[in-house]
Amino acid sequence: MAGPLLNYKYRLPGRRPGAVPRRRLTERAEAVTRTPLTLVSAPAGFGKTTLLAEWLAGAATDGAALAWLSLDRRDNDPVLFWTYVVTALRAAAPGVGEATLQLLAACSSMENATLAVLLNEIEALPTTVVLGLDDYHVIDTPEIHEGIEFVLEHQPAQLHLILATRADPPLPLGQLRARGSLVEVRAADLRFTTGEATRYLNDCMELELSEENVGMLTERTEGWIAALQLAALSLQGRSDAGAFIAGFAGDDRFVVDYLVEEVLARQPDAVRDFLLRTSILDSLTGPLCDAVTGRDGGRAALIALERANLFLIPLDDRRQWYRYHHLFAEVLHAHLLDERPHEVAGLHLRASAWFDAHDDTVQAVSHALAGGDAGRAADLMELAMPRMRRERREADLARWMRELPDDVLRIRPVLAVAFVGALAQGSKFETVAERLDEVEARVRCADGTWPQQPPPHLIVVDRDNYRALPAHIWMYRAALALASGDPAGTIAHAREALALAPADDPLARSAAGALAGLASWSTGDLAGAHAAYTESVAGLTSAGFLADVLGCTITLGDIRRTQGRLSAAVRTYQRGLDLAASVGGGEPLRGTADMQVGLAGVLLERNDLTGALERLTISQQFGDRNGLPQNAYRWRVAMARLREAEGDLDEALRLLDEAQRVYVGDFAPDVQPVAAVRARLRIRRAELTQAQEWAGERQLNSEDEAVYLREYEHLTLARLLIARHRAEPDADGIEAVLALLNRLLAAAELGGRAASVLEIRMLQAAAHDAGGTSPAALAALHDAVTLAQPEGYLRLFLDEGPPMAGLLKALRKQPTAPAYLDRLIAAGSTIASLPQRLVAPLSERELEVLRLLGGDLGGPGIARQLSVSLNTVRTHTKNIYAKLGVTSRRDAVRQARALGLIPGGQRPG
């Protein structure tokens, strides 16, 4: 989570009064809304921001939405950077970025999937958006540059990006130039011409310089606007303008130093002292300046500087926060270092104290580090850790700790372990084990015991966190084991953490329990996972981590569904909603949207399509910011299932494609991969080739061992093999399917996964039916129906289409038929399992082939009848299957009769 954001950073730069019109540049503004990237690259003081203000005003006139972000070095955290970008976009185009902000709120590191969500949201906008990023040169984090490159590679037509920077960014500018996707404005373009300098110096500044003097000054400064502005200040009130200008020589840096000396030398001592001392600050406000300078009157001094045009830029409408012009600030700070090096550390430490007192830990730590007091910085970090963990700001912690000297971190065990946690949250496990061993070795006594009080050679500020340190060490070892695919090690380490966690530390206990639950879940031990997560929920609730409570509740509900306990799942999701309602106040608690999706999943299983749609609509209305990171893809998967049940297979496929694009994983095992869900839909659409490609990519085959993490994929593979057998009968193939299902059944029964057992028994019935062994098919189906009855499963059977409908009717004729069959068959008769309209219209030739498929002719006979090749018949047949949503000739004829495409009296061959 990024923490509080500074609103002034989004403030669009306004047109400066008296700015010199520069038609040769403003005419190029039209390209801004026609080109993906506009790069304004020039050294400091060349008028980049002023030019952009003119351009943006023109773009606004043309109806574009304008987003602006002023960057500073604190924005080098990728999550914070993109949070600012999205918030800036939302200020320009309300409604965009909700899903992305929710993902960012729970991110400790950036993924391209998060940016893909943002681009999808922008693509849905009806208007053009121009996003300006000012001072992009302060960004030096490779991950941010990579993110910008990803945006440029997948940029929606509505988005146009402007970068204002002092140095070219590490982006593929050559490729963008070659594609005509880049507009560039550089220092040579921005330099004042002699005519522009004349208008500025004589019209705006009223200096009445001669043409010769203007030309000389323009030449000496090489048209550098900031230098001209400084020169104009120095020239005010002088009678020897010619001599002053003639005295300039040397490069730009010399000229600027000379001019700044002239400006500073003309200021009263009190003003000069104020300027130098406050030059350590990125932003200024009256009370902060008072604290740093040690004098009152900071607000009045800032107002006076602004009125005197001394390079002070207001950051808000109320004139409370300001910043110096970057060039001016840099020169001021350089003079401070030269003239008063002994004061610099003290100034930073005063700023640190002020920010600490005003609850701005980020700035307090930054100034403590700049002031050379690593100990104070470390103290602030350690005290801030609990809140930052709660706000999921591990990335800030990691960045801070990297700036601490090794010897400081080495003697602070609480901070060192927090650094490990920050690394683990960012999936940077390379040094985790070594760091944990080092901390443990420094703290443990010679006899191997853990001292109750910190050893005298170590520094601990947060004693509560010290007591929990052994548990945290083992907890992170459990996370490391889980990341390396060692569930047994994860469980063992998590149990050790639970044994060591203080009784009054619910966070440590719940985190360890959750890791153990994840490990149990990944092995298929759902009962163990449920027990661990239940305990974690209690701990997280008492610790106040309510968003994480809802996250665990989603898992608990999903486990109940896999166990075949739909009613228990409903109760679990409802408890989550009740919790959210009790503490959310006016704003829904994060995770509320996820509960609605969970309930929709249960309603889908029970074939309550109307109820499922209502829940999914409510979830969507809550918005992605009220959902956990995974909700964006989970919602789309659930909606795809609903659309499939309604017969809209194209929309279902589109939703699954979108779900794959916005997919965000976590430590939880991916037991139902989106790609596998999509493969099932491909089978339903008779697109067996694409489904087979998926199986090949996943290296699935019917001889695989039964492993829980791949159970959903193996059940999808079984469906594929059954569909292929119906299209092209293969006795050996159906036996291999049955053998696979037998192995899966044994594993599911052992793991207590009743929902899996139900699905497997149903698929065994389908496989036996496809293989022509009706008694075995009916026996398996009898078991499946019996298992389905207590919890009201319906959709599972209906999705299997006409073959399953025929089997259900055959089973009803048996003397021991379950009573639940009547409800299943009735549901199938009122809500068709296959589309009640064609996916696409049949051509005349396809209708001819379909009519012949309903007769006695085989493929060669149909080819002769139509005077076409056998391959042509096969192509038509494949297209017919896809448009009818079936996978076999028999199903095609049944569906065609239901749709009235062929007479009902014909018999399928």
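Keep in mind the model is a prediction, meaning the values are calculated, not measured.

Considering the overall build of the protein chain
When helices and strands are counted, the protein chain shows 48 helices and seven strands. Taking contacts inside the protein chain between residues at least 6 apart in sequence as the whole, the part at least 24 apart equals 68%. Carbon and sulfur atoms make up 50% of the accessible area of the protein chain, which amounts to about 37,900 Å² in all.

Some details on the sheet that holds strand β1 (residues 37–41)
Overall, parallel pairing links the five strands, which are arranged β2-β3-β4-β1-β5 in an open sheet. The sheet is open, and its two borders are formed by β2 (65–70) and β5 (182–186), each paired with just one other strand. Geometrically, the sheet is characterised by an average inter-axis angle of 15 degrees between neighbouring strands, direction not taken into account. With six bridges joining them, β2 and strand β3 (residues 129–134) adopt parallel strand pairing.

Concerning the packing of aromatic side chains
This model, assessed by the stated rule, comprises five aromatic pairs. One Lys or Arg, Arg-477, reaches over the ring of Trp-474 and ends 4.8 Å from the middle of that ring. Geometry around Tyr-712 places Arg-680 over its ring, the cationic atom sitting 3.7 Å from the centre.

Describing the side chain of Ser-536
If you trace the backbone, Ser-536 turns up in helix α29 (residues 526–543). Given a relative accessible area of 1%, Ser-536 falls into the buried group. Apart from residues lying up to four places away in sequence, Ser-536 is in contact with Ser-510, Gly-513 and Ala-514.

Comments concerning helix α32 (residues 592–605)
With 14 residues, α32 should reach 20 Å at 1.5 Å per residue; the first-to-last C-alpha distance of 21 Å fits that figure. Of all 14 residues in α32, 13 are buried, a share of seventy percent or more. In the segment just after α32, Asn-607 is the residue with positive phi, at about 65 degrees.

A closer look at the nonpolar core
Ranked by size, the top nonpolar core spans 186 residues in total, and within it Tyr-324, Leu-404 and Phe-797 carry the most contacts. Broken down by element, the residue count for this core peaks at ten residues, all from helix α40 (residues 754–770). Two domains each provide a minimum of three residues to this core, namely domain 1 (7–190) and domain 3 (703–831). Residues in contact with Leu-404, not counting those within four places in the same chain, are Leu-369, Ala-374, Ala-377, Ala-378, Met-381, Leu-409 and Leu-415.

A few points about the packing of helix α37 (residues 688–697) against helix α38 (residues 711–727)
The interhelical angle for the contact between α37 and α38, taken along N-to-C directions, is 140 degrees, at an axis separation of 11 Å. For the pair α37 and α38, the crossing hand works out as left-handed. Across the interface between the two elements, Leu-688, Ala-691, Gln-692, Trp-694 and Ala-695 from α37 touch Glu-713, Thr-716, Leu-717, Leu-720, Ala-723 and Arg-724 from α38.

Re the environment of Trp-321
With respect to the helices and strands, the residue Trp-321 is situated in the loop between β6 (312–314) and β7 (322–324). A relative accessible area of 23% places Trp-321 in the partly exposed class. Along the sequence, Trp-321 and Leu-284 sit 37 residues apart, while their C-alpha atoms lie 5.5 Å from each other. Trp-321 has contacts with Ser-283, Leu-284, Thr-285, Leu-288, Ile-313, Pro-314, Leu-315, Asp-316 and Trp-354, leaving out every residue within four places of it along the chain.

Focus: helix α28 (residues 506–523)
The first and last C-alpha atoms of α28 sit 26 Å apart over 18 residues, in line with the 26 Å expected at 1.5 Å per residue. At the C-terminal side of α28, Gly-524 shows a positive phi close to 95 degrees.

Points about the pattern of salt bridges
Applying the stated criterion across every chain, the model contains 39 salt bridges. Arg-186 is the salt-bridge partner of Asp-168, the closest N and O atoms lying 2.7 Å from each other. Placement of the pair is Asp-168 in the loop between β4 (159–165) and α7 (173–178) and Arg-186 in strand β5, with a sequence separation of 18 residues. Between Arg-753 and Glu-711 there is a salt bridge, and its shortest N-O distance comes to 3.0 Å. Separated by 42 residues along the polypeptide, Arg-753 in the loop between α39 (731–750) and α40 and Glu-711 in helix α38 bring together distant segments of the chain. The class for Glu-711 is buried, based on a relative accessible area of 6%. By sharing partners, the salt bridges in this structure join Asp-273, Arg-277, Arg-295, Arg-340 and Glu-343 into a single network.

Here we look at the confidence of the model for the protein chain
Averaged over all residues, the pLDDT of the protein chain equals 83, while 90% of them reach at least 70. Per-element confidence in the protein chain ranges from a low mean pLDDT of 56 for helix α13 (residues 252–265) to a high of 95 for helix α15 (residues 286–293). In the predicted structure, residues 831–837 sits below a pLDDT of 50 and forms 27 contacts with residues beyond four places in sequence or in another chain.

Some remarks on the pairing of β1
Put simply, side chains in a regular strand alternate between the two faces of the sheet. Taken across its five residues, β1 has five buried, putting it largely inside the fold. What you see with β1 is no split at all: Leu-37, Leu-39 and Ser-41 on one side and Thr-38 and Val-40 on the other are buried throughout. In this structure, β1 lies alongside β4, joined through five bridges in parallel fashion. Note that in β4 the partner of Leu-37 across the bridge is Leu-161. Where β1 lies against β5, five bridges are found, and the strand directions are parallel. Counted as the bridge partner of Val-40 is Val-185 from β5.

Re the side chain of Gln-158
Tracing the backbone through its elements, the reader meets Gln-158 in the loop between α6 (142–153) and β4. At 3.1 Å, the side chain of Gln-158 forms a polar contact with the backbone oxygen of Leu-125. If we skip the residues at most four places from it in the chain, Gln-158 touches Ile-122, Glu-123, Ala-124, Leu-125, Thr-127, Thr-128 and Val-129.

Focus on the environment of Trp-474
With respect to the helices and strands, the residue Trp-474 is situated in helix α26 (residues 469–483). By relative accessible area, Trp-474 is classed as buried at 19%. Along the chain, Trp-474 and Ala-512 lie 38 residues apart, while their C-alpha atoms are 8.4 Å from each other. Beyond its immediate stretch of four places on either side in the chain, Trp-474 contacts Glu-440, His-493, Glu-496, Ala-497 and Leu-500.

What about unusual backbone geometry?
With phi around 60 degrees, Asp-135 is a residue other than glycine that occupies positive phi space. Secondary-structure assignment places Asp-135 in the loop between β3 and α6.

A word on the environment of Thr-592
If you trace the backbone, Thr-592 turns up in helix α32. Apart from the residues lying within four places of it in its own chain, the contact partners of Thr-592 are Leu-550, Leu-577, Ala-580, Phe-622 and Asn-626.

Let's talk about the packing of helix α4 (residues 98–105) against helix α5 (residues 112–123)
Direction vectors running N to C along α4 and α5 enclose 165 degrees, while the axes themselves pass 8 Å from each other. In terms of orientation, α4 and α5 fall into the roughly antiparallel class. As for the relative orientation of α4 and α5, their crossing is left-handed in sense. Residues Glu-98, Ala-99, Thr-100, Leu-103 and Leu-104 of α4 lie in contact with α5, whose contacting residues are Thr-114, Val-117, Leu-118 and Glu-121. Its residues assigned to classes, the contact of α4 with α5 shows five nonpolar, two polar and two charged.

Rules used in this analysis
Residues numbered from 1 in each chain as written. Predicted model: local features only at pLDDT ≥ 70, side-chain atom pairs only at ≥ 80, totals over all residues. Heavy atoms only, no water. Helix = DSSP H or I, 4+ residues; strand = E, 2+ residues; numbered from the N terminus. Contact = heavy atoms within 4.5 Å. Areas by Shrake-Rupley, 256 points an atom, 1.4 Å probe, with all protein chains shown as cover. Pairing = 2+ DSSP bridges. Axes fitted to C-alpha atoms, helices over the stretch in contact; angles between N-to-C directions. Phe/Tyr/Trp six-rings, centres within 6.5 Å; stacked < 30°, edge-to-face > 60°. Lys NZ or Arg CZ within 6 Å of the ring centre and 35° of its normal. Buried < 20%, exposed > 50% of the residue type's maximum accessible area, 1.4 Å probe, protein only. Expected span 1.5 Å × (residues − 1). Core = buried A, V, L, I, M, F, W, Y, C linked by side-chain atoms within 4.5 Å. Domains from an automatic or database assignment. Left-handed = near helix turned anticlockwise from the far one by under 90°. Salt bridge = Lys/Arg side-chain N within 4 Å of Asp/Glu carboxyl O. pLDDT = per-residue confidence, 0-100. Polar contact = N/O pair within 3.5 Å; in protein donor to acceptor, adjacent residues only side chain to side chain. Parallel < 35°, antiparallel > 145°, perpendicular 65-115°, else oblique. Nonpolar A, V, L, I, M, F, W, Y, C, P; charged D, E, K, R; others polar.

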